[in-house]
Amino acid sequence: MAEPTNTPMPPGTPVPASTPRPSSPALPAPSRPIVLHIGDPIKYNPTTYAEFSSAFEVIRPSAAERERDEFIRALKERRWGDFSAIFRPFWGTGGEMGRWDAELIDLLPDSMRVFASAGAGFDWADTKLLGAKGIIYCNSGLAAAEAVADFAVAMIISTFRHLPWCMTAAIFPFPSPQFTDPSYTTNTRAREAAFQTCHARATAVSHNPRGHVLGLIGFGNIGQQIAAKLGNPAFGMRIAYYDVVRKPPALEASLNATFHPTLESLLQSSDCIVLGTPAFPDGKPLVTASTLAAFRPGARFVNVARGSLVDEDALADALESGVVSAAALDVHADEPRPNPRLVRMATQLAGVPGGDDDNADGGGARLPGPGPGRVMLTCHNAGGTVETHVGFEELSMRNILAVLRGGEAMTAVNLEFLEERG
Ligand SMILES: O=CC(=O)O
């Protein structure tokens, strides 16, 4: 049964409820287009939602109905009628049915026109097949770009300054927040050694980003915002990029960005490589043993795109051999399970029992081993801010309003595949 859209909004806000629908195949023709709302109720944009829910009949399947088997059953029995749009305002919910592949897409009603979802990435949906069926897919990358770029800045700085080492050494041996771990209170020498070693030796492997070449793979909204934040006059990095389509000269000039016509040329010229490009539909990696071989010796690597784009074992090899001197990964090939070899490196300390201080005086050139603090791992947090979620909701509703009123989608990603409908 559909859940009511009992949205937590400021008190007194008038919110039209979505319509619970009986599980009956014989539905009367709707007076307004039906929108299938998958996931949590909206939270942040009551005014737009008031317009949205008076323009459309909004049906929100329950959490149980969104599980794949039940979802397929419901689509087969046309439980939600001839809906014209799918609306997924959050990335944390609404994905329970799994990948939007042919099995699901082939069950969509002919009335379906537009699928608007939270999230910059759209690897969870076969957008080419949707396009072939005349369905526009809109992502919400625009809403996440600033958050992802800010997070990428922190990760890039981390690869130059070895923040994981600085942070873990300061709290060695990782006491509980209550400081009740007996080793924390008794193992004073080891704790002091961890702190002092990091204080003394992190200097020798840390560098200012200024003057280094930042190589951006992908120069869309996220890449451009990273360039604006880290180039001149702020951090003074030299901006280089590779993308399948070269950007206009005025844009390149405004960001002082140098285009590289091949990925190899970008890799050979960069001190820190940042991945900010959509995943390949077939899940093929872009950063592999052979691409890593083209990195400058001792280059740094940051991934804020998708884990599937990186062969993580090849990256671990490159960190071990020193080809890559530091890496920061927000996204992982097998979420929520980061690669165990990379986890081990992320927790490695110098100058403490079980640590590794072989490389303490390395200086960015090819190093013989991973050394401490060279890997930063986070939990797919880059886009995760309140502002992003406000934007996800708003943009998804605006896209559906535009398309169903006969206008243009703002953030369609599959227009090249879109087939005209009869
Ligand atoms: O990964 C985050 C997103 O797709 O927005």
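An unreviewed UniProt entry lists the protein under the name D-isomer specific 2-hydroxyacid dehydrogenase, with Chaetomidium leptoderma as the source organism. The heading Sequence similarities (unreviewed entry) in the UniProt record of the protein holds the text "Belongs to the D-isomer specific 2-hydroxyacid dehydrogenase family."

When a strand is regular, its side chains alternate between the sheet's two faces. With six of its six residues buried, strand β3 (residues 83–88) lies for the most part within the structure. Relative to β3, strand β1 (residues 34–37) is paired through four bridges, and the arrangement is parallel. The residue bridging I34 from the neighbouring strand is F83, located in β3. Both β3 and strand β4 (residues 114–117) contribute to a ladder of four bridges, which runs parallel. If you follow I86 over to β4, its bridge partner there is F115.

Another point: the pattern of salt bridges. A complete count under the given rule lists 21 salt bridges for this structure. With a shortest N-O distance of 3.0 Å, E65 and R79 are connected by a salt bridge. Residue E65 is found in helix α2 (residues 63–66), and its partner R79 is found in the loop between α3 (68–76) and β3; the two are separated by 14 residues along the sequence. In this structure R79 comes out as buried when scored by relative accessible area, which is 7%. Several salt bridges share partner residues, and in doing so they unite E65, E70, R73, E77 and R79 into one network.

A few words now on the layout of surface pockets. One number sums up the size of the second largest pocket: a volume of about 250 Å³. In terms of lining, the second largest pocket is formed by P164, M167, T168, V343, A346, T347, V375, M376, L377 and T378. Contributing elements (two or more residues each) for the lining of the second largest pocket: α7 (163–171), α15 (340–346) and β12 (375–377). Here the residues of the lining of the second largest pocket are counted per class, giving seven nonpolar, three polar and no charged.

Now for the UniProt feature "domain: D-isomer specific 2-hydroxyacid dehydrogenase NAD-binding" (unreviewed entry) in the protein. Mapped onto this numbering, the UniProt entry annotates "domain: D-isomer specific 2-hydroxyacid dehydrogenase NAD-binding" (unreviewed entry) at residues 190–345. Secondary structure across residues 190–345 comprises 38% helix and 18% strand; the distance between its end C-alpha atoms is 19 Å.

Hydrogen bonding along the main chain pairs the strands of a sheet, whether they run parallel or antiparallel. In space, the seven strands of this open sheet follow the order β8-β7-β6-β9-β10-β11-β12, with parallel pairing throughout. Pairing within the sheet leaves two strands with one partner each, and these edge strands are β8 (257–259) and β12. Taken pair by pair, the neighbouring strands of this sheet meet at an average axis angle of 20°, ignoring direction. Inspection of the sheet shows strand β10 (residues 299–303) paired to strand β11 (residues 324–329) by five bridges, in the parallel sense. Residue pairing in the sheet places V302 in a bridge with A328 of β11. In this fold helix α6 (residues 141–161) packs onto β6 (213–217), β9 (272–275), β10, β11 and β12, with an angle of close to 150° to the strand it touches most, β10. Strand contacts of helix α14 (residues 312–321): β10, β11 and β12, with the helix running at about 140° to β11, the strand carrying the most contacts.

As a structural note, the neighbourhood of the ligand is formed by W91, G119, A120, G121, R306 and H380. A distance of 2.5 Å separates an oxygen atom of the ligand from a polar atom in the backbone of A120. A distance of 2.7 Å is found between an oxygen atom of the ligand and a backbone nitrogen or oxygen belonging to G121. Coverage of the ligand by the protein chains reaches 90% of its 190 Å² of free accessible surface. For the shell around the ligand, the residue count by class is two nonpolar, three polar and one charged.

Thresholds, definitions, all that
- Residues numbered from 1 in each chain as written.
- Predicted model: local features only at pLDDT ≥ 70, side-chain atom pairs only at ≥ 80, totals over all residues.
- Heavy atoms only, no water.
- UniProt positions renumbered as here; feature names shortened; annotations may be inferred.
- Buried < 20%, exposed > 50% of the residue type's maximum accessible area, 1.4 Å probe, protein only.
- Helix = DSSP H or I, 4+ residues; strand = E, 2+ residues; numbered from the N terminus.
- Pairing = 2+ DSSP bridges.
- Salt bridge = Lys/Arg side-chain N within 4 Å of Asp/Glu carboxyl O.
- 1 Å grid on protein atoms, 1.4 Å probe; cavity = no way out; pocket = protein on both sides within 12 Å on 5 of 7 lines; lining within 4 Å.
- Points joined across faces, edges and corners; volume = space filled by probe spheres on them.
- Nonpolar A, V, L, I, M, F, W, Y, C, P; charged D, E, K, R; others polar.
- Axes fitted to C-alpha atoms, helices over the stretch in contact; angles between N-to-C directions.
- Contact = heavy atoms within 4.5 Å.
- Near = heavy atom within 4 Å.
- Polar contact = N/O pair within 3.5 Å; in protein donor to acceptor, adjacent residues only side chain to side chain.
- Areas by Shrake-Rupley, 256 points an atom, 1.4 Å probe, with all protein chains shown as cover.

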